[in-house]
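Descriptive structure summary
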Amino acid sequence: MPEKNVTLRKIKFNTMELYKRENIGWVDLLRVLACFLVIFSHCCDGFIAQFDRDRSVFLVGVFSGSLVRSCVPLFVMMTGVLLLPIREPEMGRFYKKRIGRIISPLIFWSLLLPVLFFLYLNQINPATQNPLISLPDHDLNNLWVKLYTFIFNFNFDTVPMWYLYMLIGLYLIMPILNGWLKSASKKDLKLFLLIWGVALVIPYVKMLAPVLGFQGYFGNKGILGVCDWNEYGTFYYFSGFIGYLVLAYYLIKYPLDWTWKKMLSIAIPMFIVGYAITSYGFILTQKFFPGNYANLEIVWYFAGINVFMMTFPICVIVQKLNIRSHKWLSQLASISFGIYLCHYVFVTISYDMFNISGLPTIVRIICMTSLTFLISFIIAWTMSRFKLTARFVK
């Protein structure tokens, strides 16, 4: 009997702890903020795609889009806050619960979004002004192809799904990472994050190497061991989004005890420098590597040092605010995933709706973001009310 009571107390404790982790005010705020920033980022893309056709519009798009590159890293860090350390005692149970939760939305939206794009671009507004849209890519033949090739990767209509493929990869490694985190000392965590910090610079080293004369191996310009038969370079296992998971775990286990003065004196300059590298770096890359979209993406890498410099300040400042949990905020945060999943088609629709002569570009972006967020919220909230559809948005 006593053993049973102890077990019950443990179950109650774990349930309460999990509930608290999923209803932390500052975490809810960051989830909603990250979702809004993702939509804002996508609303900038159509203007960035103007490039030299309309330089002023391009620049507004770049400076606006660069401001919100921390959106996805914030999402990943919140995953680390909510799931680490892992509560499921078995790896298989964790995979079933977490990856199983991702598969249904991935399939559902990978099938629905191309249909919605097809209907809008062929039946409602074939004269879309969005420069990212190629109408031949949205004919009936291409629609059928998109409906089964999503098993290989996302396509233009399903761009937000890239995050789900990546998230599944994080889920796969988290139980293994979890075992180390439980035994790792503060010093160990700092060393990991230091090596990860070095890996954040690698994309720029790869960009710079050919400029300094590096010719690669038979055309392959990979560095530090990367070649045609090996994608896994020296820092491969310490690079990418896994570092944001560890960083989130570190900040929860060892919260910064900085005063507000110290916090702001470090965080604000860090964010400004990161933003300057991100925005001006994008412009300079477009100037010196015209038409090289791969290099443009390097400056905007979510796992790049400059984007980290924008992400860290936002996270630690919001964490220090110690915001109380509110029911409305928690409910909004609970469907932020659904808002993210369904928003992309409405970015194009809102681009055309606010294509108003004389309307400043930044105003168009803000209006597009607000309308897209509102419509996506209504859809996600409505779907969350029904058992049959809730699985696709929560």
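Residues numbered from 1 in each chain as written. Predicted model: local features only at pLDDT ≥ 70, side-chain atom pairs only at ≥ 80, totals over all residues. Heavy atoms only, no water.

1. Structural notes on the packing of helix α7 (residues 162–183) against helix α10 (residues 242–253)
The N-to-C vectors of α7 and α10 enclose an angle of 40°; their axes lie 11 Å apart at closest approach. Relative to α10, α7 is oriented oblique. Between α7 and α10 lies a crossing whose hand is right-handed. Facing α7, whose interface residues are L170, I173, M174, L177, L181 and K182, α10 presents I242, L245, V246, Y249 and K253. The residue makeup of the contact of α7 with α10, split by class, is nine nonpolar, no polar and two charged. (Axes fitted to C-alpha atoms, helices over the stretch in contact; angles between N-to-C directions. Helix = DSSP H or I, 4+ residues; strand = E, 2+ residues; numbered from the N terminus. Parallel < 35°, antiparallel > 145°, perpendicular 65-115°, else oblique. Left-handed = near helix turned anticlockwise from the far one by under 90°. Contact = heavy atoms within 4.5 Å. Nonpolar A, V, L, I, M, F, W, Y, C, P; charged D, E, K, R; others polar.)

2. Concerning the side chain of T372
With respect to the secondary-structure elements, T372 resides in helix α17 (residues 361–384). For T372, a relative accessible area of 1% puts it in the buried group. If near-sequence neighbours (up to four positions away) are discounted, T372 is found in contact with I39, C43, H343, F346, V347 and S350. (Buried < 20%, exposed > 50% of the residue type's maximum accessible area, 1.4 Å probe, protein only.)

3. What to know about the pattern of salt bridges
Scanning the entire structure with this criterion turns up four salt bridges. Measuring nitrogen to oxygen at the nearest pair gives 3.7 Å for the salt bridge that ties D28 to R31. Taken as a pair, D28 and R31 lie in helix α2 (residues 25–48) at a separation of three residues, close to a single helical turn. Among the ionic pairs, D157 bridges to K146, the shortest N-O distance being 2.9 Å. A residue pair is termed long-range when its members are at least 10 positions apart, and D157 in the loop between α6 (140–149) and α7 and K146 in helix α6 qualify at 11 residues. (Salt bridge = Lys/Arg side-chain N within 4 Å of Asp/Glu carboxyl O.)

4. Side note on the side chain of T361
Mapping T361 onto the fold places it in helix α17. Among all residues touching T361, those that are not within four sequence positions of it are F47, V57 and V60.

5. Considerations on the nonpolar core
Core analysis: the biggest nonpolar cluster contains 112 residues, and V76, W109, Y163 and L164 have the highest contact counts within it. Of all the elements, α2 adds the most residues to this core, at 14 residues. Not counting the four nearest positions on each side in its chain, L164 is found in contact with I102, P105, L106, F337, Y340 and L341. (Core = buried A, V, L, I, M, F, W, Y, C linked by side-chain atoms within 4.5 Å.)

6. Regarding empty space enclosed by the protein
Under the defined criterion, the tally for this structure stands at two cavities of 30 Å³ or more. In this structure, the second largest cavity occupies an estimated 40 Å³ of space. Residue lining of the second largest cavity: H42, D45, N130, L132, F156, Y344, V347 and T348, and that is the complete set. Contributions of two or more residues to the lining of the second largest cavity are made by α2 and α16 (344–353). Looking at the lining of the second largest cavity element by element, the count peaks at three residues for α16. When the residues that make up the lining of the second largest cavity are grouped by side-chain class, the tally is four nonpolar, three polar and one charged. (1 Å grid on protein atoms, 1.4 Å probe; cavity = no way out; pocket = protein on both sides within 12 Å on 5 of 7 lines; lining within 4 Å. Points joined across faces, edges and corners; volume = space filled by probe spheres on them.)

7. Brief notes about a nonpolar patch on the surface
Judged by side-chain polarity, W260, L264, I268, I272 and L321 come together as a nonpolar surface patch covering roughly 450 Å² of accessible area. It is helix α11 (residues 260–288) that provides the largest number of residues to the nonpolar patch, a total of four residues. Note that I268 resides in helix α11. In this structure I268 comes out as partly exposed when scored by relative accessible area, which is 43%. (Patch = residues over 30% accessible without salt bridge, like charges linked within 9 Å, V, L, I, M, F, W, Y side chains within 5 Å. Areas by Shrake-Rupley, 256 points an atom, 1.4 Å probe, with all protein chains shown as cover.)

8. Structural notes on the state of the cysteines
Taken as a whole and judged by the stated rule, the model has zero disulfides. No disulfide involves C71; its sulfur sits 9.8 Å from that of C35, the nearest cysteine. Here C71 falls in the buried class, since its relative accessible area comes to 2%. Note on C367: no disulfide assigned, nearest cysteine sulfur contributed by C43 at a separation of 10 Å. Residue C367 is classed as partly exposed on the basis of its relative accessible area of 26%. (Disulfide = S-S within 2.5 Å.)

9. Section: the layout of surface pockets
Quantified by volume, the second largest pocket comes out at close to 690 Å³. Surrounding the second largest pocket, 26 residues form its lining, R31, L82, R101, A333 and S334 being those nearest its centre. Where the lining of the second largest pocket is concerned, the elements lending two or more residues are α2, α4 (71–83), α5 (91–124), α7, α14 (327–334), α15 (336–342) and α17. The leading source of residues in the lining of the second largest pocket is α4, at five residues. A class-by-class count of the residues in the lining of the second largest pocket yields 12 nonpolar, seven polar and seven charged.

10. Here we look at the environment of S330
Note that S330 resides in helix α14. For the pair formed by S330 and P73, sequence separation is 257 residues and the distance between their alpha carbons is 20 Å.

11. Some remarks on the confidence of the model for the protein
Confidence in the prediction of the protein, expressed as mean pLDDT, is 90, and 94% of residues score 70 or more. Put simply, helix α1 (residues 2–21) is where the protein has its lowest mean pLDDT, 41, and α17 is where it has its highest, 97. Within the model, pLDDT remains below 50 along residues 1–19, and this stretch shows one contact once partners closer than five positions in the same chain are excluded. (pLDDT = per-residue confidence, 0-100.)

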